[in-house]
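Architecture and fold: a report
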Amino acid sequence: MKCICGQHQLSASLATEICFQDLWLFDHFTEEQALEVRKIGIKRDYEKGALVFSQGAPAKEMFLIKAGRIKLGKVQEDASEVTLDFRKAGDVIGEHLFAGEVLYPFSAHALESTTTCGLDLQTFASLVTARPDIGLNVIKSMSVKIAAMTHRLESVAANSLEDRLYGVLENIVREHGRDTEEGRTLPFKLTHEELA
C-alpha cells in the first residue's frame, strides 16, 4: 500500500506524526522535492515478534517507524545474538543503504504491533536519476548526520565498563523512556544479554 501521510489512520495512540518528508535525510528538501519522496513510500504492518528484515538479506528498503517499536539484533559467528538497539515511532532503520551496503548487517523484529513507511532503494534511485537535485540534498543531510553520530560513539569509547553501561542506558532511556510518577521508565524489559 502506498504510504501517503494523512491518507491512512494508525490505531496506535503512540503513532508519530512524522512523515518521510520530515526525516533528517530530507532536511534540505524543498516542499516540491519532499512531495516527490512521499509519493514513493510504502506502508507495512507487522505483528509483535514479526521479522521486518533478516541479517544477510538483500538490503532493498529503508523504513520509517510510524507506530510501535523494533529491536535490532545481530547474530555473531558463535551463533549468539547481540542486541544492537531499540527503535521507536519516528526513528528510521536501513539508512545504511545509501552507503552502498547490499545486505542488511543485522535483523529487525517488531517488539509490538508496528507500522512502517518504507522507501524502496531502486525506486528512490530512479527518482534521483530523474532529479539529481534530490540526490545532492541527500548528500548534504548525510554529512550532518555523520557529525551527530560522534556523540553516540563517545559512550562506547568510555574506559570503564560502568561508564559504557551508564552511557548505553542513558541513550535508551532518553530515546524510549516514558515519564511516570516514579521517574523515567522503559516500556519494555531489558535482559542482561541485551545490555551486554
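Below you will find a few notes about this structure. (Residues numbered from 1 in each chain as written. Predicted model: local features only at pLDDT ≥ 70, side-chain atom pairs only at ≥ 80, totals over all residues. Heavy atoms only, no water.)

We now examine the pattern of salt bridges. Counted by the stated rule, this structure contains eight salt bridges. Across the pair R131 and D133 runs a salt bridge whose closest N-O atoms are separated by 2.9 Å. Accessibility expressed as a relative area gives 30% for D133, which makes it partly exposed. Salt bridges linked by common partners bring E32, R131 and D133 together as one network. (Salt bridge = Lys/Arg side-chain N within 4 Å of Asp/Glu carboxyl O. Buried < 20%, exposed > 50% of the residue type's maximum accessible area, 1.4 Å probe, protein only.)

A word on the sheet that holds strand 5 (residues 81-88). The strand order 2-7-4-5 describes an open sheet built from four strands, whose pairing is antiparallel. Unpaired on one side and paired on the other, strand 2 (51-53) and strand 5 mark the two borders of the sheet. Shown here is a sheet whose adjacent strand axes are inclined to one another by a mean of 30°, direction ignored. As paired elements, strand 4 (residues 69-75) and strand 5 share seven bridges and run antiparallel to each other. Bridge pairing in strand 5 links K74 to V82. (Pairing = 2+ DSSP bridges. Helix = DSSP H or I, 4+ residues; strand = E, 2+ residues; numbered from the N terminus. Axes fitted to C-alpha atoms, helices over the stretch in contact; angles between N-to-C directions.)

Our next topic: the pairing of strand 3 (residues 61-67). Looking along a regular strand, one sees the side chains alternate between the two faces of the sheet. For strand 3, the tally of buried residues reaches seven of seven residues, placing the bulk of the element in the interior. In this sheet, strand 8 (residues 114-120) lies alongside strand 3 in antiparallel orientation, the contact comprising six bridges. Its bridge partner lying in strand 8, F63 is registered against G118. Where strand 3 and strand 6 (residues 92-93) come together, two bridges link them in antiparallel fashion. Looking at the pairing, L64 lines up with V92 of strand 6.

Taken together, the buried positions of helix 1 (residues 31-38) are occupied by Q33, A34, V37 and R38. In a view along the axis of helix 1, the buried residues occupy a sector of 140°, so they form one face of it. (Arc of directions from axis to C-beta.)

Turning next to the sheet that holds strand 1 (residues 41-46). With antiparallel pairing, the four strands of this open sheet are ordered in space as 1-8-3-6. On the outer flanks of this sheet lie strand 1 and strand 6, each paired with one strand and no other.

In this fold, S143 is placed in helix 3 (residues 132-156). For S143, a relative accessible area of 45% corresponds to the partly exposed category. Sequence spacing of S143 and L25 is 118 residues, and the spatial spacing of their C-alpha atoms is 9.7 Å.

Remember, this is a structural readout, not a statement about activity or role.
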